[in-house]
Amino acid sequence: MTEELDYEQARDQLAEVVAKLETGGLSLEDSLALWERGEELARICDRHLAGARERIEKALASVEKPETK
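We now turn to the structure provided with this report. Not measured: the values here are computed from a predicted model. (Residues numbered from 1 in each chain as written. Predicted model: local features only at pLDDT ≥ 70, side-chain atom pairs only at ≥ 80, totals over all residues. Heavy atoms only, no water.)

**Side note on helix α2 (residues 28-64)**
Taking 1.5 Å per residue as the helical rise, α2 with its 37 residues ought to reach 54 Å, and the 53 Å between its terminal C-alpha atoms agrees with that figure. Listed in full, the buried residues belonging to α2 are Leu34, Gly38, Leu41, Ile44 and Cys45. Of the surrounding elements, those touching the buried residues of α2 are α1 (7-23). (Helix = DSSP H or I, 4+ residues; strand = E, 2+ residues; numbered from the N terminus. Expected span 1.5 Å × (residues − 1). Buried < 20%, exposed > 50% of the residue type's maximum accessible area, 1.4 Å probe, protein only. Contact = heavy atoms within 4.5 Å.)

**Some words on the pattern of salt bridges**
Per the counting criterion, the structure on display carries 4 salt bridges. When the shortest N-O distance is used, the salt bridge between Glu54 and Lys58 registers 3.3 Å. Here Glu54 pairs with Lys58, and both are found in helix α2, just 4 residues apart, close to one helical turn. Residue class for Lys58 comes out exposed when judged on its relative accessible area of 55%. (Salt bridge = Lys/Arg side-chain N within 4 Å of Asp/Glu carboxyl O.)

**A few points about the nonpolar core**
Membership of the largest hydrophobic core is limited to 7 residues, which are Leu5, Ala10, Val17, Leu34, Leu41, Ile44 and Cys45. Mapped onto this core, the elements with two or more residues apiece are α1 and α2. Examining the composition of this core, we find that 4 residues originate from one element, α2, more than from any other. Dropping the residues within four chain positions of it, Leu41 is found in contact with Leu5, Ala10, Gln13, Leu14 and Val17. (Core = buried A, V, L, I, M, F, W, Y, C linked by side-chain atoms within 4.5 Å.)

**Some thoughts on the environment of Ala59**
Along the chain, Ala59 turns up in helix α2. When the C-alpha positions of Ala59 and Thr23 are compared, they lie 43 Å apart, and in sequence the two are 36 residues distant.

If you want it as structure tokens, here you go:
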């Protein structure tokens, strides 16, 4: 597998896939291939968002911890 896309690349490609599927006129096989690609791109986006959420939660936790001396 090649290098994973960053969030913005995956999101943009997912938007393109959705637009093609909404336009219609594709064969069943092409539609299924696009659907599968869309699912893969959505998983990539989810992983990026989960990582960002984790970083934010860690940052907030470190700020909210009372200092002990």
